[in-house]
Amino acid sequence: MHDNTLPLFFFGSLMDQDVLEIVLGKKIDVQNLKQGVLLGYQCEKEAKESYPVLIPSPGKQATVLIAGSLSTTDIDRILFYETGEYDLVRFNLLIDEKEITALGFATGDGIASSGERWHLNVWQTKDKAAFLPLAERFMEAYGTMPLPEALIFWDQLVVELDQDKMATSSSIAS
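Rules and cut-offs
Residues numbered from 1 in each chain as written. Predicted model: local features only at pLDDT ≥ 70, side-chain atom pairs only at ≥ 80, totals over all residues. Heavy atoms only, no water. Helix = DSSP H or I, 4+ residues; strand = E, 2+ residues; numbered from the N terminus. Buried < 20%, exposed > 50% of the residue type's maximum accessible area, 1.4 Å probe, protein only. Areas by Shrake-Rupley, 256 points an atom, 1.4 Å probe, with all protein chains shown as cover. Axes fitted to C-alpha atoms, helices over the stretch in contact; angles between N-to-C directions. Parallel < 35°, antiparallel > 145°, perpendicular 65-115°, else oblique. Contact = heavy atoms within 4.5 Å. Nonpolar A, V, L, I, M, F, W, Y, C, P; charged D, E, K, R; others polar. pLDDT = per-residue confidence, 0-100. Pairing = 2+ DSSP bridges. Expected span 1.5 Å × (residues − 1). Core = buried A, V, L, I, M, F, W, Y, C linked by side-chain atoms within 4.5 Å.

**Here we look at the overall build of the protein**
Then step 1. A count of helical and extended segments in the protein gives five helices and six strands.
Then step 2. For the protein, the sequential pattern of α-helices and β-strands runs β-α-β-β-α-β-β-β-α-α-α.
Then step 3. Counting across all 174 residues of the protein, residues that qualify as buried make up 44%.
Then step 4. For the protein, the computed accessible surface area is about 9,600 Å², with 52% contributed by carbon and sulfur atoms.

**A look at the packing of helix H1 (residues 17-24) against helix H2 (residues 72-81)**
Then step 1. At a closest axis distance of 8 Å, the pairing of H1 and H2 adopts a crossing angle of 110 degrees. On the basis of their axis angle, the class for H1 and H2 is roughly perpendicular. Of H2, the residues touching H1 (which contributes Val19, Ile22, Val23 and Leu24) are Asp74, Arg77, Ile78 and Tyr81.
Then step 2. For the contact of H1 with H2, the residue count by class is six nonpolar, no polar and two charged.

**Regarding the confidence of the model for the protein**
Then step 1. When pLDDT is averaged along the protein, the result is 85, and 88% of the positions lie at 70 or above.
Then step 2. Across the protein, the element-wise mean pLDDT spans from 76 in helix H5 (residues 147-173) up to 96 in H1.

**Some points on unusual backbone geometry**
Then step 1. The residue Asp96 is not glycine, and still its phi comes out positive at about 50 degrees.
Then step 2. Relative to the elements of secondary structure, Asp96 occurs in the loop between strand S4 (86-95) and strand S5 (98-107).

**Considerations on the pairing of strand S3 (residues 52-67)**
The side chains of a regular strand alternate, residue by residue, between the two faces of the sheet.
Then step 1. With three bridges connecting them, strand S1 (residues 8-10) and S3 associate as antiparallel partners. Note that in S3 the partner of Phe9 across the bridge is Ile66.
Then step 2. Bridge analysis of strand S2 (residues 33-46) against S3 gives twelve bridges, and the strand direction is antiparallel. Each residue of the ladder has a partner; that of Lys45, found in S3, is Pro52.
Then step 3. Hairpin geometry of S2 and S3 is characterised by an intervening segment of five residues between the two adjacent antiparallel strands.

**Details of helix H4 (residues 128-139)**
Residues spaced three or four apart along an α-helix point in a common direction, a consequence of the helix completing one turn every 3.6 residues.
Then step 1. In a regular helix each residue adds 1.5 Å, so twelve residues correspond to 16 Å; H4 covers 16 Å between its end C-alpha atoms and thus fits that length.
Then step 2. Among the residues making up H4, those that are buried are Lys128, Phe131, Leu132, Leu134, Ala135, Phe138 and Met139.

**What about the nonpolar core?**
Then step 1. Core analysis: the largest hydrophobic core is formed by 51 residues, its most contacted members being Phe9, Phe10 and Leu93.
Then step 2. If we ignore the near neighbours within four places in the chain, the residues touching Phe9 are Leu38, Val64, Leu65, Ile66, Phe91, Leu93, Ala102, Leu103 and Gly104.

**Things to note about the environment of Val89**
Then step 1. Among the structural elements, Val89 can be located in strand S4.
Then step 2. Separated by 18 residues in sequence, Val89 and Thr107 place their C-alpha atoms 9.9 Å apart.
Then step 3. If we ignore the near neighbours within four places in the chain, the residues touching Val89 are Ala102, Leu103, Gly104 and Ala106.

**Regarding the packing of H1 against H4**
Then step 1. Direction vectors running N to C along H1 and H4 enclose 10 degrees, while the axes themselves pass 9 Å from each other. Between H1 and H4, the interaxial angle falls into the category roughly parallel. Judged by residue contacts, Asp18, Val19, Ile22 and Val23 of H1 engage Lys128, Phe131, Leu132, Ala135, Glu136 and Met139 from H4.
Then step 2. In the contact of H1 with H4, the residues fall into seven nonpolar, no polar and three charged.

Dropping the structure here:
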């Protein structure tokens, strides 16, 4: 389980307000979110997907978003979204030059980095439009399936999205 007394931080697509609202199933007050810095890590693109993984990188830093007040349901929805592929662990990070401890999703087993840096603004420009319907369809399954089944469902949605992209690009080309 998780420690509800610690804030939670995000380093990937959850830093995008639209994605976070889809995952939480409600509008959010951005006043409850603060930007922070995780020292000794950087975000890199996952080998097969558009989202990032957190990689230990001495001397580097990753920009993160810290959510101070989340309900148990909010956290459960986020854990579902992360499909058990990431481990929720304690990290020390900086917020307004002050060190705090927060929970974040460490890259779990079976997730590989492409070695490329991941930047939120690049992802928002290049991948967000295609990702939002995927996230919406996936989060509609919240509460209806256990995590192992959700992980399979996510993979099926990604394949469908790729097939739709290929069908669209071949119809544009002809």
